[in-house]
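Residue strings, one per chain:
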Amino acid sequence: MPPVNTKTWSDILAHVRLSYPQLSRGWFSQLSPRSLAQGTLTVEAGNSSQAVYLRRHCQRPFAEAAQAATGRLLTLRFESTEDPDPAPEATPGLSFEDEAELALNGDYIFDNFVTGPCNRLAHAAAVAVSQAPGRAYNPFFIHGAVGLGKTHLLQAVCHQILETAPASRIKYISCESFTNHFLEAVEKGAMNQFRYRYRNADVLVIDDIHFLAERERSQEEFFHTFNTLHQSRRQIILSADCPPPEIPSLEERLVSRFNSGLVTLLERPCLETRMAIVRKKAKLRCLDVPEEVVRLIAGSIDSNIRELEGALAKMELLGATCEGVVDLEAARKVIGVDTGRRRVTIPEILELVGQRYNLRQADLQGKRRTKSVTRPRQICMYLARQLTDLSLGEIGGYLGGRDHTTVLHAQRLIGERGIEDVVLHRELEELKDQLLSRPAHAH
Ligand code: ADP
Ligand code: MG
């Protein structure tokens, strides 16, 4: 007997057709409901590309329709007779099972990615990977500072693969979600499902893999996922804010796996590239930006492409445009707001943090490792990363010749603790305010 009666099923289909005409397809009439268990209605599609289409675009519409027709909150699962392995039984309440579609940003495609000397290699490699997944470079590892286009490139590869081979099973996920899913699966005893989900992907893309730093159990699980996929020549794509050996406490075996494919770097873009990016982003926003404004923006923001875009958004928001054309004077004001922020120096940070925690600068710069010194020292490193343009190595140099990985570790640690711990959060905010509002001559 079918899990829902014929009338209910045709009501569900009718509801989807009516509410989502643009998503509906003629072949929906050939779908058949297969089972209903633990709140999950499993529907069988004729082939795997239909199942992929349904999973990607129709999870919510069908769930809504099923709720309207049955009065129950149901989760939909789409399968096809061609699927390689049957999915393990769903564990109720496991949130990652409900996650419907690939969350890709439609703007993050190759056409919208501007190339220059800073990113040409990474871009070319990403294109090659998207043309021959699992064969060109595997794994493919992109690293670079924040806001330089890692996520954009990763998603461009996904878009391209989906365009060429729509039935590809792509799993695109942030490393944080991977770790959270893993912990949730451990807690709920649902490792089979977890493994099925990740090890059945044709392409596994994990953004910001440095999040695995110091997470031993997740590293262990990821290692096995990696091996399974790699052995069957499925593509693995990773991004991080530093090269593999510099990810703090990353197991050696993972470092060597990551290094075994292609590791490429995204560097800061030069002026020309930044100008081309501003032009491209302006076009996407349908803004007419005169060349002198392009130069002004690209000339004053040099470290982070996200901020270039932010400047354009701000111009729109603050009304620096007149019928879609950006005005130079108004643009100057908007940019002035940003660059008017005074620059903070490390000696200022050391002085202020020293005062606050009753330490001498020599303590902060020295070798002592007691907790009363290490925490304030880490705070100095964190603030230096937040408020100056200095590199990890330069900051380490100031703070008693410490290694850049130590600075990276401090930056992450304080960043994370500063979210969880309200007292620390307030301290950091106060320190930042004081540093930014000091008169410029107070060196
Ligand atoms: P990351 O993941 O490295 O922090 P993102 O990929 O999120 O950086 O990029 C930040 C913003 O800058 C995004 O809006 C992205 O589209 C844009 N961007 C980065 N590099 C380029 C590029 N080369 N061409 C066009 N836009 C870019
Ligand atoms: Mg990113």
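This is a predicted model, so every value here is computed, not measured. (Residues numbered from 1 in each chain as written. Chains lettered and ligands numbered in written order. Predicted model: local features only at pLDDT ≥ 70, side-chain atom pairs only at ≥ 80, totals over all residues. Heavy atoms only, no water.)

Asker: Explain the packing of aromatic side chains here, please?
Answerer: Given two aromatic rings, one states the distance between the centres and the angle between the planes to describe the pair. On inspection of all chains with the given rule, the structure shows 14 aromatic pairs. With a centroid separation of 5.6 Å and 35 degrees between ring planes, the pair formed by phenylalanine 141 and phenylalanine 258 is classed as tilted. Of this pair, phenylalanine 141 sits in strand 4 (residues 140–144) while phenylalanine 258 sits in helix 9 (residues 252–259), and the two are 117 residues apart along the sequence. A relative accessible area of 0% means that phenylalanine 141 is categorised as buried. Each ring, one from phenylalanine 178 and one from tyrosine 198, has its centre 5.0 Å from the other, and the planes form 75 degrees; the classification is edge-to-face. Remark: tyrosine 198 occurs in helix 7 (residues 191–199) and phenylalanine 178 occurs in helix 6 (residues 175–188); sequence separation between them is 20 residues. (Phe/Tyr/Trp six-rings, centres within 6.5 Å; stacked < 30°, edge-to-face > 60°. Helix = DSSP H or I, 4+ residues; strand = E, 2+ residues; numbered from the N terminus. Buried < 20%, exposed > 50% of the residue type's maximum accessible area, 1.4 Å probe, protein only.)

Asker: Looking at this model, I keep getting lost on the sheet that holds strand 5 (residues 170–174). Mind explaining?
Answerer: Paired through backbone hydrogen bonds, the strands of a sheet run either parallel or antiparallel to each other. The five strands lie next to each other as 5-6-7-4-8, forming an open sheet whose pairing is parallel. In the strand order of this sheet, the two ends are held by strand 5 and strand 8 (262–266), each with one partner. Strand-to-strand twist of the sheet, defined as the mean angle between neighbouring strand axes without regard to direction, takes the value 15 degrees. Where strand 4 and strand 7 (residues 235–240) come together, four bridges link them in parallel fashion. In the sheet register, isoleucine 142 faces strand 7, and the bridge partner there is serine 239. Helix-sheet contacts for helix 5 (residues 150–164) involve strand 4, strand 5, strand 6 (203–207), strand 7 and strand 8, and the interaxial angle to strand 5 is about 165 degrees. (Pairing = 2+ DSSP bridges. Axes fitted to C-alpha atoms, helices over the stretch in contact; angles between N-to-C directions. Contact = heavy atoms within 4.5 Å.)

Asker: Sorry if this is basic, but what is going on with the pairing of strand 4 here?
Answerer: In regular strands, side chains alternate between the two faces of the sheet. Burial within strand 4 is extensive, with five of its five residues counted as buried. Neither face of strand 4 is open: one carries Phe140, Ile142 and Gly144, the other Phe141 and His143, and all of them are buried. Inspection of the sheet shows strand 4 paired to strand 8 by five bridges, in the parallel sense. Directly across from glycine 144, in strand 8, lies its bridge partner leucine 266.

Asker: What should I look at first to understand the domain arrangement of the protein in this one?
Answerer: Accessible area lost when the parts come together is the quantity often used to give the size of an interface. When cut into domains, the protein gives domain 1 (6–80), domain 2 (110–266), domain 3 (271–335) and domain 4 (346–437). In this structure, domain 2 and domain 4 have C-alpha centres spaced 31 Å apart. Facing eight residues of domain 2, the contacting portion of domain 4 comprises six residues. Sorting the residues of domain 2 by area buried against domain 4 places Glu214, Glu246 and Pro248 first, and these three jointly supply 60% of that buried surface. Scanning the region where domain 2 abuts domain 4 turns up two salt bridges. For glutamate 416, the salt bridge goes to arginine 215, with nearest N and O atoms at 3.9 Å. There are three residue pairs in polar contact (both at pLDDT 80 or more) connecting domain 2 and domain 4. The class makeup of the residues in the side of domain 2 that touches domain 4 is three nonpolar, one polar and four charged. (Domains from an automatic or database assignment. Buried area = accessible area lost by both parts, 1.4 Å probe. Salt bridge = Lys/Arg side-chain N within 4 Å of Asp/Glu carboxyl O. Polar contact = N/O pair within 3.5 Å; in protein donor to acceptor, adjacent residues only side chain to side chain. Nonpolar A, V, L, I, M, F, W, Y, C, P; charged D, E, K, R; others polar.)

Asker: Honestly, the pattern of salt bridges in this entry has me stumped. Any pointers?
Answerer: It is possible for side chains bearing opposite charge to pair when their charged atoms get close. What the rule picks out here adds up to 18 salt bridges. Among the ionic pairs, aspartate 241 bridges to arginine 412, the shortest N-O distance being 2.7 Å. Of this pair, aspartate 241 sits in the loop between strand 7 and helix 9 while arginine 412 sits in helix 18 (residues 404–420), and the two are 171 residues apart along the sequence. Connected via shared salt-bridge partners are Arg34, Glu44 and Glu79.

Asker: Explanation requested: the site of ligand 1 in the structure shown.
Answerer: Around ligand 1, the structure places 18 residues, and the nearest of them are Val114, Gly147, Thr151, His152 and Glu309. In this structure, an oxygen atom belonging to ligand 1 sits 3.1 Å away from a main-chain N or O atom of glycine 149. Surface burial for ligand 1 is 96%, taken as the share of its 550 Å² of free accessible area covered by protein chains. Put simply, the parts of the chain that give the shell around ligand 1 at least two residues each are helix 5, helix 10 (271–284) and helix 12 (305–317). Both domains that meet at the shell around ligand 1, namely domain 2 (110–266) and domain 3 (271–335), each give it at least three residues. (Near = heavy atom within 4 Å. Areas by Shrake-Rupley, 256 points an atom, 1.4 Å probe, with all protein chains shown as cover.)

Asker: I tried to follow helix 1 (residues 6–19) on my own but got confused; where do I start?
Answerer: Counting along an α-helix, one turn takes 3.6 residues, and residues three or four places apart therefore face a common direction. Between its first and last C-alpha, helix 1 extends 20 Å over 14 residues, near the 20 Å set by a 1.5 Å rise per residue. Listing the buried residues of helix 1 in full gives Thr8, Trp9, Ile12, Leu13 and Val16. Along the axis of helix 1, the buried positions cluster into a sector of 140 degrees, meaning they face one direction only. In helix 1, the exposed positions that point more than 90 degrees away from the buried face belong to Thr6, Lys7 and Leu18. Residues of helix 1 that are buried make contact with strand 1 (32–37), strand 2 (40–45) and helix 3 (59–70). (Expected span 1.5 Å × (residues − 1). Arc of directions from axis to C-beta.)

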